[in-house]
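# Overview (structure and organization)
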Amino acid sequence: MPKYAEYIKKIEIDSLWSGKKHIIWDLNRQVNILSGSNGQGKSTILNKVVKGLAAGGEFPSHMLKGVRLEVVPEDAKWIRYDMIRSLDSNLQQSLADGDGFIRQALTALAGVGGGSLLDIQLYNLQRKFLDYQVNIGNRIIEKLQAGDTDAAQQLSTKKKRFQDIVDDLFSETGKRIIRTENELRFTQIGEVLLPYQLSSGEKQMLIILLTVLVEDNQPYVLFMDEPEVSLHIEWQKRLLDLCLELNPNVQIILTTHSPAVVMNGWVDAVTEVSDITT
């Protein structure tokens, strides 16, 4: 059985820019925020790590040349991870991450008015959300059969908390999740909305929270490249706390230009690119 890492302890990258800029970044267990001016290589650092992981299999053998990861436990060979890119991320990179799936998603979305990169991510997460609910349902049945009603009730609390959070975030526009359906749909003044009909900021926030939820409390790494793009400033302030509430076992590694992201007590988690460059 594959042994998965709980989190990444250190990232080392040799020659970030053609023989220049060697990166040594010591990470903490929960939140790691990379800051710096444009062009310093924040996104490049994340992309080099994720490109190696995206190859699949045991990560030490697939990392790009010059990229090394130290993980906990140190003998783990696999890493669960997700990557959330900013709205203006490179389309070619996004296509490279899942070309076949993207074409399938575009075909499915053609009939519902979707088709943006955000819509494609939501389409993928809809399927993962259904799988998540099936898995939770099966575990609830097992607990009930064993007579453990308290544990069965506890299993459903995280999904309900996710729904409560989204309803609260979207309350100013009167949108609410329809809780009687398994797929995500919303109601607004009597009209039923698909996730693909939400605003860009609503889609972005929904994608981040869904991504965290469907990992089902497993330890994993969430990479985010400037996730604040198009998010309301109040949502930016709450972003990290909400992610950790939905999955306390997630390790967050992100780049940002927004002071709001760090306002709720995360200043000490900020690292400047210049401080990890030799």
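That block above? That's the structure.
Note that the coordinates shown come from a computational prediction; the quantities given were computed from them, not determined experimentally. (Residues numbered from 1 in each chain as written. Predicted model: local features only at pLDDT ≥ 70, side-chain atom pairs only at ≥ 80, totals over all residues. Heavy atoms only, no water.)

## Considerations on the overall build of the protein
- From N to C terminus, the protein includes 8 helices and 11 strands.
- For the protein, buried positions account for 46% of its 278 residues.
- Counted over contacts in the protein with a minimum sequence separation of 6, partners at least 24 positions apart contribute 66%.
- Split by element, the accessible area of the protein, about 13500 Å² in all, is 49% carbon and sulfur. (Helix = DSSP H or I, 4+ residues; strand = E, 2+ residues; numbered from the N terminus. Buried < 20%, exposed > 50% of the residue type's maximum accessible area, 1.4 Å probe, protein only. Contact = heavy atoms within 4.5 Å. Areas by Shrake-Rupley, 256 points an atom, 1.4 Å probe, with all protein chains shown as cover.)

## With respect to the pairing of strand β1 (residues 7-13)
- Within β1, 6 of the 7 residues are buried, leaving the element largely enclosed by the surrounding structure.
- When β1 meets strand β4 (residues 67-72), the two strands line up antiparallel, connected through 6 bridges. Bridge pairing links Tyr7 to Val72 in β4.
- Of the pairings in the sheet, the one linking β1 to strand β2 (residues 23-26) comprises 4 bridges and is antiparallel in character. In the strand pairing of β2, Ile13 is matched with Ile23. (Pairing = 2+ DSSP bridges.)

## Concerning the pattern of salt bridges
- A complete count under the given rule lists 16 salt bridges for this structure.
- The partner of Arg68 in a salt bridge is Asp14, and the shortest N-O contact between them spans 2.9 Å. Here the residue Arg68 occupies a position in strand β4, and Asp14 occupies one in the loop between β1 and β2, the gap between them amounting to 54 residues.
- A salt bridge links Arg238 to Asp168, with the shortest nitrogen-to-oxygen separation between them at 2.9 Å. Here the residue Arg238 occupies a position in helix α8 (residues 233-246), and Asp168 occupies one in helix α6 (residues 157-169), the gap between them amounting to 70 residues.
- Of the residues examined, Arg238 reaches a relative accessible area of 28% and is grouped as partly exposed. (Salt bridge = Lys/Arg side-chain N within 4 Å of Asp/Glu carboxyl O.)

## Let's talk about the sheet that holds β4
- Spatial strand order, β2-β1-β4: 3 strands in an open sheet with antiparallel pairing. The sheet terminates laterally at β2 and β4, the two strands that pair on one side only. Between one strand axis and the next, the sheet turns by 15 degrees as a mean value, whatever way the strands run.
- Of the strands in this sheet, β1, β2 and β4 are in contact with helix α1 (residues 42-54), which crosses β4 at around 75 degrees. (Axes fitted to C-alpha atoms, helices over the stretch in contact; angles between N-to-C directions.)

## Thoughts on helix α4 (residues 117-145)
- Compared with an ideal rise of 1.5 Å per residue, which puts 29 residues at 42 Å, α4 spans 42 Å between its outermost C-alpha atoms and is within 8% of the ideal.
- Directly after α4, the chain includes Gly147, whose backbone phi takes a positive value near 80 degrees. (Expected span 1.5 Å × (residues − 1).)

## Comments concerning unusual backbone geometry
- Cis geometry is found at the peptide bond from Val72 to Pro73, where omega equals -5 degrees.
- At Ile189, a position not held by glycine, the phi torsion is positive, near 50 degrees.
- Within the secondary structure, Ile189 is located in the loop between β7 (186-188) and β8 (191-193).
- The class of Ile189 is exposed, set by a relative accessible area of 82%.
- At Asp216, a position not held by glycine, the phi torsion is positive, near 55 degrees.

## Examining the packing of α6 against α8
- It is the contact of α6 with α8, at a shortest axis distance of 11 Å, that shows an interaxial angle of 170 degrees. Put simply, α6 runs roughly antiparallel to α8. Together, Lys158, Arg161, Phe162, Ile165, Asp168 and Leu169 of α6 and Trp235, Arg238, Leu242, Glu245 and Leu246 of α8 make up the contact between the two elements.
- Grouping the constituent residues of the contact of α6 with α8 by class yields 6 nonpolar, no polar and 5 charged. (Parallel < 35°, antiparallel > 145°, perpendicular 65-115°, else oblique. Nonpolar A, V, L, I, M, F, W, Y, C, P; charged D, E, K, R; others polar.)

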